[in-house]
Amino acid sequence: MKKLITLAAVLIAASSLFAQTIKVGATPEPHADILNLVKEDLKAEGIDLKVIEFTDYVTPNEAVESGEIDANYFQHIPYLESFNKERGYHLVNAGGIHVEPIALYSKKVKDIKNLKKKARIAIPNDPTNEGRALLLLQDAGLITLNPKAGIEATVQDITSNPLKLKFSEIEAASLPRVLADVDAAVINGNYAIPAGLSAKKDGLFIEGASSPYVNVIAVKEGNEEKAEIKALIKALQSDKVRDYIANKYPNGEVVVVF
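Predicted model, so just to flag it, every value in this text is computed and none were measured.

A.B. asks: How would you explain the overall build of the protein chain if you had to name every residue and give the values?
C.D. replies: Along the protein chain, the regular secondary structure elements total eleven helices and 13 strands. Structurally, the protein chain occupies a C-alpha span of about 80 × 40 × 30 Å along its principal axes. Per-residue burial over the protein chain gives 48% buried out of 258 residues. Sequence separation of at least 24 residues holds for 75% of the intrachain contacts in the protein chain that already meet a minimum separation of 6. Roughly 12800 Å² of accessible area belongs to the protein chain as shown, and the carbon and sulfur atoms make up 52% of that amount.

Following this line, the structure appears as structure tokens:
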């Protein structure tokens, strides 16, 4: 019996030596949590998943482009495309996992109809999330945008602003911290959730279910066909992840797309 246990230990140690390691960058919740959920599933296939947490939207893309990490999981497709265009990067979508509906939150009013004239609204300052936030505010009937601006809209594209709302363009990660200092803020799901905000319960206005802003696994072009990346996508697009998200986020803060 002792020899069998020793042999088993040797075999386990040997298998770990030959395991394929992949490093995936992610923002903490829900991305890193979901990745950690599938670690054991990947280990069973000889893949050692290392999850590296980031708290911003720039560094994880730089790390993939440079080859420091193999993939990242934090961004939606319009942001990825905008980042490539702005930086000349070569990042591609290896697979879509979920949507985090963006929402307008407030500590000062309970109903969007109660926003006063010249209220200050904080929005993300990166190009695609700023456009996404402004489109949300347009859908809410608060502003009108130049239709030519599309998802790249900025405050300069506002053509009608009946309440004369004032806008503060702030780094997305900082929005939950400034919420109490403004009248309302449009906050991305992966920053709203750790701050204890629920889009369904706390949002004054929530993005529709048909959102094009699918969160994806991003890799450098040419790596999307690698076996370990394919295995990662398969593990993430699983019933295990679907059930986890349904149970962890019953109010629709995170919605699977597979």
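Let us keep going from here.
A.B. asks: Kindly report on the sheet that holds strand β5 (residues 103-105), identifying the contributing residues and their values.
C.D. replies: The mixed open sheet is built from five strands, whose spatial order is β9-β6-β10-β5-β11. At either margin of the open sheet sits one strand with a lone partner, and together these are β9 (166-170) and β11 (205-206). Here strand β6 (residues 120-124) pairs with strand β10 (residues 184-187) via two bridges, running parallel. Bridging from a neighbouring strand, Ile121 pairs with Ala184 of β10. Across the sheet, helix α6 (residues 127-139) is in contact with β5, β6, β9, β10 and β11; its angle to β6 comes to roughly 135 degrees.

A.B. asks: Explain the packing of helix α2 (residues 28-37) against helix α11 (residues 239-248) to me, using residue names and the numbers behind them.
C.D. replies: The relative placement of two packed helices comes down to the angle between their axes together with the axis-to-axis distance. Axis separation between α2 and α11 bottoms out at 11 Å; the angle between their running directions is 140 degrees. The angle between α2 and α11 places the two elements in the oblique class. Between α2 and α11 lies a crossing of right-handed hand. Contact with α2, carried on its side by Glu29, Asp33, Ile34 and Leu37, involves Lys240, Val241, Tyr244, Ile245 and Lys248 of α11 and no other residues of that element.

The rules we used
- Residues numbered from 1 in each chain as written.
- Predicted model: local features only at pLDDT ≥ 70, side-chain atom pairs only at ≥ 80, totals over all residues.
- Heavy atoms only, no water.
- Helix = DSSP H or I, 4+ residues; strand = E, 2+ residues; numbered from the N terminus.
- Buried < 20%, exposed > 50% of the residue type's maximum accessible area, 1.4 Å probe, protein only.
- Contact = heavy atoms within 4.5 Å.
- Areas by Shrake-Rupley, 256 points an atom, 1.4 Å probe, with all protein chains shown as cover.
- Pairing = 2+ DSSP bridges.
- Axes fitted to C-alpha atoms, helices over the stretch in contact; angles between N-to-C directions.
- Parallel < 35°, antiparallel > 145°, perpendicular 65-115°, else oblique.
- Left-handed = near helix turned anticlockwise from the far one by under 90°.

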